[in-house]
Amino acid sequence: MEKTALLEMKGITKKFGTVLANDHIDLQLYPGEIHALLGENGSGKSTLMNILLGIYKPNSGEMLYKGEKGQIKTPKHAAALGIGMVHQHFALIPTLTVAENIFLSLDHCSFILDQQKMENKIREYSEQFSLEVDPGAKVWQLSVGEQQRVEIMKLLCRNCEILVLDEPTAVLTPQEAGEMFKTLRKMAEHGKSIIFISHKMNEVMEHADRITVLKNGRVTDRMLASDADIDRMAKAVVGERDIEKITIRSKGKTGELLIDAKDLRVLNDKGLVALHDISFQLKAGEIFAIAGVAGSGQRELAEALAGLRKITSGRILMKGNEITKTNIRGRVSKGISFIPEDRLKMGLIPGMNMKENTVLKEFRGKAYSRGGILLSKAIRALTEKHVSDHDIKHGGLDLPVSLMSGGNQQKLLIAREINGNPELIIAAYPVRGLDIGATAAIHRTLLEQRNRGACVLLISEELDEIFELSDRVAVLCGGKLMGIRNTSETDYEEIGRLMSGESA
Amino acid sequence: MKIGAIRFEKKQTVSLSRKVLNPVIFILLGFVLSSVFIMANGFQPIPVFGKMITYSLLNTRGLIGSINAALPLMFCGLSVAIAFKMNLNNIGAEGQFAMGAIFGGAFALYGPALPAPLSGIVMFFLCAIGGGLWALIAAALKAYWNVNETIVTLMLNYIALLFLDYLCYGPWMAPKQTTAMTVTIPQDMYLPLIGGTSSGIFLAIIIAVLLYLFLKYTTGGYQISVIKNSLRTAEYAGIPVKKYILIVLALSGALAGVAGFVQVTGIVHRVQAQLPGGSGYTGIVIAYLSQCNPLVILLVSVLLGALQNSSAVVQIMGVPSQIVTMIQGTLMISVIAGEFFNRYRIVYYKADPESKRAEQKNNHSEQKGGAVQ
Amino acid sequence: MISFITSICAAAIVYAVSILYAAIGEIFSQRAGIMNLGIEGIMLMGAMSGFMTVYHTENLLLAFLVTILVGLLLGLAFAFLTVTLQADQTVCGMAFLIFCSGLSGFLGKSVTGIASAVKFEPIPIPGLSSIPVIGEIFFQQDIFVYLMYLVIPLSIFYIYKTKAGLMLRALGENPASLDQAGINVFAMRYGYVMFACAMTTISGACISLSYTNFWNEGMTGGKGWIAFSLVAFSRWNPAYAVLGALLFGGISILGINMQVYLPGVPSQFYGMLPYAATVVALVITTGSFRKKHSEEPAALCQKYDREDR
């Protein structure tokens, strides 16, 4: 490339405590290019982008923007320079309209809001970049994909020249993702520069112009997308280390019918139908995965099975007995356990200590209380057993669990939920946000549970995880069950199609 | 957070001594702050406080008076505290107090005559039921329709006090009286005095200890604690949250009703308008200052009882009796401010490489001040 | 009969205005994410400080300004506790309730129950006030009412049509996103809390300088609480707050007047009316049997701490 770089980052280094998050990273960005930052979780991609956005201050290194040297001090400063970012968690205000959200992001606009002018501007960009957005809609009514478009629109309205997108496809169906990349391409054609962060090698190869691979805070490879192939990228992403393959995939014998759900209809928090009359059967000794983009009804399904959410119509049989109206306690005693998605909001009590968290579901049992008095010795013994069985690291049994790391919190939660050998384990995103070590440990635990003869209902948005662990997979899209497949007889493509709502 | 060269860093744990010492320091600071207002009103704080302390704490008679004044406060404090323990704001102890007194008073004045200890016991339970039922209105609205219990309990205060007012000016008013009060209750229902102190104090101690044990060692106390810390996790664990809202608020109301019992049988021996006299609000201050620990509540109640008791003596100096509420409010605000230092520690900021380590926690604040080009 | 109705309506407006300042102020504060439960006490401070000033100087304008200053100072203290020290808002509100009730009673003792020489008198507006019925209801009022005629449209316009209002609405929903955009969330919260407290003290002044012309301990008698409930009742929209205030005003004034027409019922029961009405209104408007999208600001009562992000 002969063009001069729009942005140059040189020797960027950022330390968090003793951890080196970015180690002398160089990065060039040219006008009109789509640049991919590839790497695993924790490889330093987000840190680097947060430095570009002025959220973090680097310990050393320099930046040249349009040939001028300087440091970006604040997000506001970055915005003024024309650098903007779409974060993984959108910064939209749900109760406001699209236009109002965009007004908010503008630094310079008249004190009295000119709705008409804004709507025209949005329509103009919509057409130019085929970025369909309804300016008058309230954000809470929009799908995740539409919300992402609003975020991109915000950056366009601010006349950003560099757009950074953090894992933009994580929340999208493959088809939506395709649309989004088309939009990005159009923007690049209009001279905007785009950086997107990803850990998916296929999409990087397909949609980027150039690729920079990070590992452990260092640049391990740089290539043109046209020169890239999976082997080369994989080597740069993972390094020489072999990924620990989970080998206890020895298929246990799938047992008898455990759960028979018929025509389940469930409402979401807004009172809208979240599950449209879905039916499925779960068998003992299998891992049954639920795939789908975020917000397709997974949470409602899990909560309905666990007894936390009312079932509007339809019924659930467990070993032939109706449990549709059985409350949570009844279901727990029948052997249903639940690992919820956001462990600190539901599942654990962050402000209470390990013992109190351990006994949450069993404190009524004879072993842990007599006549309403808690038996603290028995509770301590149970907690210590969990700690040693699952290798949980902690600062003390009497300290609040909020002080533990995410991985250890999750291990404690799972230890509690599999205690007493439940027959059905509902696991919602059990490894989200955890490091590789904890992830492997938890996956192993789930497989052990299956081999023991329990049924694991695994909700995940990572197809890799689903294909690696599950025996069967059901796909949800917009609250409808698109199909159920044996994992060994299907592939990513088919599941992807189902996730986007195309019936097979 | 950073102010000038001082930075505040979050603490992860708080030592027990710090937990105890902190409120004590800030209670003292609260008195200093109160002095400012006392001076603003044209009085000398040191003689005022001196008089108050010598009158209400440093002699037997005063101390007895203070403990008697503290008696209803203890129950109001326990009432507010048990609700706080589940994140419920019962600021209606005042009204529940009144309702307890009305229920118990109705029995004592117009009910069937029963032999001595039995009549007292019946009255005790009637007072508790009166307060409990009154709180149950707010509890039911909260449990079933999620209506803000703070406002409802408060509104019910005004209604209960007006009702008490109506009774004492109307059908219950003692003949040939000009003030709004009933005749005295039968003498055999008086709580016995032990060396001048009302024996109600033993009732308070027993109930406080029972509450303490209940909260600390039982499954009920454990469930209350889970609900307080995480409502969603409580629902997830199958804890009947609605039932607990009803039980805890009713219990809270019942305790305030018992305050009515001790006030009527132990102190004034009759029912009168404005009987609670702000004890319900003082209960809020007590519960907060004691961090809802039932045993500490007993002690703090005596302190605030002494404050109340001593208002009579400073009135002779011309100091308005409202000094009591003013000091209570100041103490509470001061201790609230002091809580901050339980959560944060002060770090002096130096621009050397050492401080870079702390920086990661605090990146955002850095941009404002410390960015170097 | 007509004169009875007009006088009731006029009185209802006076009552409504005396709680509306506080209610609108609290709407701003809650939209900024800070709930101030201490309104009742702060109102008392306003009533007391305004009356004291008039009593000693007979200068109404000065009294008005002193009232606002007291409100701003109390707001500063409240914001310091809840925004900077991140103390629990409910507990702080209760502390302010007790502190302000006590302090107003303490400082105001010397002037308790004495009438002041001057008070805000009704100023009939030339022309408009002579319109039959309407003129008497709306245009023979005092300055607090006329000022409210300006406050209502301005506050609605500010919240829904200006950039600052948009930022305010966003602040109560998601302070982190404003902070990311480089807006000083803390300063905004300080500003709105102080504004709300000043509005609340104006309500208090309205009671001691226009509604009556004396000061008495606890004279607001729950009006602060009614104003507070009005906020949820109004779904954080000043327009509905106006309707609610008129409703409560009407009920209270009717109650007072009914004593004349139905003397058989003890006065205490009429006195209970506004409080009972508040509970009923609160149940109807906020009870969860309404399956509607809640309009409560999502960040209300949530302390905002950058490090927790």
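Keep in mind the model is a prediction, meaning the values are calculated, not measured. (Residues numbered from 1 in each chain as written. Chains lettered and ligands numbered in written order. Predicted model: local features only at pLDDT ≥ 70, side-chain atom pairs only at ≥ 80, totals over all residues.)

Summing up its helical and strand segments, chain A has 16 helices and 22 strands in all. Here the C-alpha radius of gyration of chain A, 25 Å, is about what a compact globule of 504 residues would show, namely 23 Å. Seen through its C-alpha atoms, chain A measures out along the principal axes to roughly 75 × 50 × 50 Å. Per-residue burial for chain A yields a buried fraction of 45% across its 504 residues. (Helix = DSSP H or I, 4+ residues; strand = E, 2+ residues; numbered from the N terminus. Rg over C-alpha atoms; globule rule 2.2 N^0.38 Å. Buried ≥ 20, exposed ≤ 12 C-beta atoms within 10 Å, placed from the backbone.)

Okay, the sheet that holds strand β3 (residues 34-38) of chain A next. All names here are of chain A. Judged by pairing direction, the sheet is mixed, and its six strands sit side by side in the order β6-β7-β8-β3-β9-β10 without closing on themselves. Every interior strand has two partners, whereas the edge strands, β6 (83-86) and β10 (218-224), have only one. Neighbouring strand axes in the sheet, compared pairwise and without regard to direction, differ in orientation by 20 degrees on average. Two elements, strand β9 (residues 210-215) and β10, share six bridges in a ladder whose sense is antiparallel. Counterpart to Lys215 in the pairing with β10 is Arg218. Running over the sheet, helix α5 (residues 144-157) touches β6 and β7 (162-166) and is turned about 175 degrees from β6. (Pairing = 2+ DSSP bridges. Axes fitted to C-alpha atoms, helices over the stretch in contact; angles between N-to-C directions. Contact = placed C-beta atoms within 7 Å.)

So, on to the nonpolar core. Ranked by size, the top nonpolar core spans 367 residues in total, and within it Ile426 and Leu457 of chain A, Val248 and Met332 of chain B together with Leu20 and Ala23 of chain C carry the most contacts. The element contributing the most residues to this core is helix α9 (residues 185-211) of chain C, with 16 residues. Split by domain, the residues of this core number at least three in each of domain 1 (7-238) and domain 2 (266-499) of chain A. Once you skip the residues sitting within four places of it in the chain, Leu20 of chain C turns out to touch Met148, Ala241, Val242 and Ala245 of chain C. (Core = buried A, V, L, I, M, F, W, Y, C linked by C-beta atoms within 7 Å. Domains from an automatic or database assignment.)

Residues and elements named next belong to chain C. Residues with a pLDDT of 70 or more make up 97% of chain C, whose mean pLDDT is 90. Confidence, expressed as mean pLDDT per element, reaches its minimum in chain C at helix α8 (residues 175-180) with 83 and its maximum at helix α3 (residues 60-84) with 96. Here the complex is predicted with pTM 0.86, and the ipTM for its interfaces comes to 0.90. (pLDDT = per-residue confidence, 0-100.)

To continue, consider the domain arrangement of chain A. All names here are of chain A. By domain assignment, chain A separates into domain 1 (7-238) and domain 2 (266-499). Distance between the C-alpha centres of domain 1 and domain 2: 34 Å. Domain 1 puts six residues into the contact, and the matching count from domain 2 is six residues. Of the residues in the side of domain 1 that touches domain 2, the class split is four nonpolar, two polar and no charged. (Nonpolar A, V, L, I, M, F, W, Y, C, P; charged D, E, K, R; others polar.)

Our next topic: the interface of chain B and chain C. Contacts between the two partners involve 43 residues from chain B, matched on the other side by 41 residues from chain C. For the side of chain B that touches chain C, the elements supplying multiple residues, two or more each, are α1 (16-40), α5 (116-145), α6 (149-169), α11 (279-289) and α14 (323-343) of chain B. By residue number, the principal contributor to the side of chain B that touches chain C is α14 of chain B, which donates twelve residues. The residue inventory of the side of chain B that touches chain C, partitioned by class, reads 27 nonpolar, twelve polar and four charged.

Residue and element names in this part refer to chain A. Helix length check: helix α14 (residues 436-452) (17 residues) gives 24 Å between terminal C-alpha atoms against 24 Å at 1.5 Å per residue, within 8%. Those residues of α14 lying buried are Ala438, Ile442, Thr445, Leu446, Leu447, Gln449 and Arg450. Where α14 is buried, its residues touch β13 (287-291), α13 (406-418), β19 (424-428), β20 (455-459) and α15 (463-469). At the exit of α14 stands Gly453, carrying a positive phi of roughly 115 degrees. (Expected span 1.5 Å × (residues − 1).)

Residue and element names in this part refer to chain C. As for its position among the elements, Pro274 is in helix α12 (residues 267-286). When the C-alpha positions of Pro274 and Gly75 are compared, they lie 27 Å apart, and in sequence the two are 199 residues distant. Beyond its immediate chain neighbours, meaning those up to four positions away, Pro274 contacts Ile226, Phe248, Ile251 and Ser252.

A few words on the sheet that holds strand β14 (residues 311-318) of chain A. All names here are of chain A. The strand order β12-β11-β14-β15 describes an open sheet built from four strands, whose pairing is antiparallel. Two strands in the sheet have a free side with no partner beyond their single neighbour: β12 (273-283) and β15 (321-322). Relative to β15, β14 runs antiparallel, the two sharing two bridges. The residue of β15 that forms the bridge with Leu317 is Glu322.

Before going further, it helps to spend a moment on the packing of helix α2 (residues 39-57) of chain C against α3 of chain C. Residues and elements named next belong to chain C. Between α2 and α3, the shortest axis-to-axis distance is 8 Å and the interhelical angle comes to 150 degrees. The handedness of the crossing between α2 and α3 is right-handed. Only Leu60, Leu62, Ala63, Phe64, Val66, Thr67, Val70, Gly71 and Leu74 of α3 make contact with α2, whose side of the interface consists of Ile42, Met45, Gly46, Ser49, Gly50, Thr53, Val54 and Thr57. (Left-handed = near helix turned anticlockwise from the far one by under 90°.)

Here the focus is the interface of chain C and chain A. On the side of chain A, 17 residues touch chain C, which itself brings 16 residues to the contact. At the level of elements, α7 (163-173) and α8 of chain C are the ones that each hand at least two residues to the side of chain C that touches chain A. In terms of residues, the side of chain C that touches chain A owes the most to one element, α7 of chain C, which gives seven residues.

This paragraph deals with the packing of helix α11 (residues 238-261) of chain C against α12 of chain C. Working note: a packed helix pair is described by the angle between its axes plus the distance between those axes. Residues and elements named next belong to chain C. Where α11 contacts α12, the two axes come as close as 9 Å, and the packing angle between them is 175 degrees. In terms of orientation, α11 lies roughly antiparallel with respect to α12. Judged by residue contacts, Phe248, Ile251, Ser252, Gly255, Ile256, Met258 and Gln259 of α11 engage Ser267, Tyr270, Leu273, Pro274 and Ala277 from α12. Residue composition of the contact of α11 with α12, grouped by class: eight nonpolar, four polar and no charged. (Parallel < 35°, antiparallel > 145°, perpendicular 65-115°, else oblique.)

In this section: the pairing of strand β16 (residues 336-339) of chain A. All names here are of chain A. Side chains Ile336 and Phe338 of β16 all project onto a buried face; the interleaved residues Ser337 and Ile339 project onto the opposite face, where all are buried too. Of the pairings in the sheet, the one linking β16 to β19 comprises four bridges and is parallel in character. Bridge pairing in β19 links Ile336 to Leu424.

On to the environment of Ala287 of chain B, then. Residue and element names in this part refer to chain B. Position of Ala287 among the secondary structure elements: in helix α11. For Ala287, a count of 30 C-beta atoms within 10 Å corresponds to the buried category. The sequence separation of Ala287 and Ala83 amounts to 204 residues, and the corresponding C-alpha distance is 9.8 Å. When near neighbours in sequence (up to four residues on either side) are disregarded, Ala287 contacts Gly77, Val80, Ala81, Phe84, Cys292 and Ile297.

Our focus in this paragraph is unusual backbone geometry. All names here are of chain A. Even without being glycine, His24 reaches a positive phi, approximately 45 degrees. Its place among the elements puts His24 in strand β2 (residues 19-29). Non-glycine residue Asp263 carries a positive phi angle of around 50 degrees. In this fold, Asp263 is placed in strand β11 (residues 257-267).

A regular strand places its side chains so that they alternate between the two faces of the sheet. Residue and element names in this part refer to chain A. When you tally the buried positions in β19, you get five out of five residues, the bulk of the element. Where burial is concerned, the two faces of β19 agree: the one with Leu424, Ile426 and Ala428 and the one with Ile425 and Ala427 are both buried. Summarising the sheet, β19 and β20 pair through five bridges and their orientation is parallel. Residue pairing for β20: Ala428 is matched across the bridge by Ile459. Handedness of the crossover joining β19 and β20 through α14: right-handed. (Right-handed = clockwise from strand over helix to strand, strands pointing away.)

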